[in-house]
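In case you want the letters, here they are:
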Amino acid sequence: MKRLFAAAALTAMLIAGAARAADAPKPDPDALIRANSYVLSYKDGKLSGPGADKLREATADAQFVLLGEDHYDHEIPIFAGALYRMLHAERGFRYFAVEQDRVAMEEALKPG
């Protein structure tokens, strides 16, 4: 009897869960992008704006920050260098590891 009750309860929960999942609204990709996009400015080797503030907030307790990017894009190493300088100055980050080509590495590591 206990097994029958447990099986009936499990079946009811699965049916209820499936019904709720079917009624869930489909996510709107454009709305998700708008809700999670922040303006980021770069000037004189520094990041600023709401995007920079969001990066500061997101890295407050971080030990590592990973950057996924396209290769051979001139702006990625510039951004990575500015991000590292910000994290070094404000969070005490001391190491910067990059999987990149020699030209991009020189760009990311040069001052300002």
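What counts, and where the lines are drawn
- Residues numbered from 1 in each chain as written.
- Predicted model: local features only at pLDDT ≥ 70, side-chain atom pairs only at ≥ 80, totals over all residues.
- Heavy atoms only, no water.
- Helix = DSSP H or I, 4+ residues; strand = E, 2+ residues; numbered from the N terminus.
- Contact = heavy atoms within 4.5 Å.
- Areas by Shrake-Rupley, 256 points an atom, 1.4 Å probe, with all protein chains shown as cover.
- Axes fitted to C-alpha atoms, helices over the stretch in contact; angles between N-to-C directions.
- Parallel < 35°, antiparallel > 145°, perpendicular 65-115°, else oblique.
- Left-handed = near helix turned anticlockwise from the far one by under 90°.
- Nonpolar A, V, L, I, M, F, W, Y, C, P; charged D, E, K, R; others polar.
- Salt bridge = Lys/Arg side-chain N within 4 Å of Asp/Glu carboxyl O.
- Expected span 1.5 Å × (residues − 1).
- Buried < 20%, exposed > 50% of the residue type's maximum accessible area, 1.4 Å probe, protein only.

Here we take up the overall build of the protein. Within the protein, the secondary structure is distributed over 5 helices and 2 strands. In the protein, the succession of helices and strands from N to C terminus is α-α-β-β-α-α-α. The contacts in the protein between residues at least 6 apart in sequence include a share of 51% that link residues at least 24 apart. Only carbon and sulfur atoms are counted for the fraction: they give 61% of the accessible area of the protein, which is about 9,200 Å².

Two elements in contact, helix α3 (residues 50-58) and helix α4 (residues 75-91), have axes whose closest approach is 11 Å; the angle formed by their N-to-C orientations is 55 degrees. The orientation of α3 with respect to α4, classified from their angle, is oblique. You can see that α3 and α4 cross each other, and the crossing is right-handed. Every residue of α4 that contacts α3 at Ala52, Leu55, Arg56 and Glu57 is listed here: Phe79, Leu83, Met86, Glu90 and Arg91. Counted by class, the contact of α3 with α4 contains 5 nonpolar, no polar and 4 charged residues.

Quick look at the pattern of salt bridges now. This model, assessed by the stated rule, comprises 3 salt bridges. Linking Arg56 and Asp53 is a salt bridge whose minimum nitrogen-to-oxygen distance equals 3.1 Å. Taken together, the residues span about one helical turn, with Arg56 and Asp53 both in helix α3 at a distance of 3 residues. Here Glu57 makes a salt bridge to Lys54, at a shortest N to O gap of 3.5 Å. With a gap of 3 residues between them, Glu57 and Lys54 both fall in helix α3, about one helical turn apart.

Between its first and last C-alpha atoms α4 spans 23 Å; for 17 residues at 1.5 Å apiece the expected length is 24 Å, and the two agree. Within α4, the full set of buried residues consists of Ile76, Pro77, Ile78, Ala80, Gly81, Ala82, Leu83, Met86 and Leu87. Residues of α4 that are buried in the fold lie against β1 (41-43), β2 (46-48), α3 and α5 (102-109). Just downstream of α4, Gly92 is the residue with a positive phi angle, here 80 degrees.

The next thing to look at is the environment of Glu107. Mapped onto the elements, Glu107 comes out in helix α5. Using a relative accessible area of 25% as the deciding quantity, one classes Glu107 as partly exposed. Expressed as a C-alpha distance, the spacing of Glu107 and Ala80, which sit 27 residues apart in the sequence, is 9.7 Å. Those residues in contact with Glu107 that sit more than four places away from it in its chain are His74, Pro77 and Ile78.

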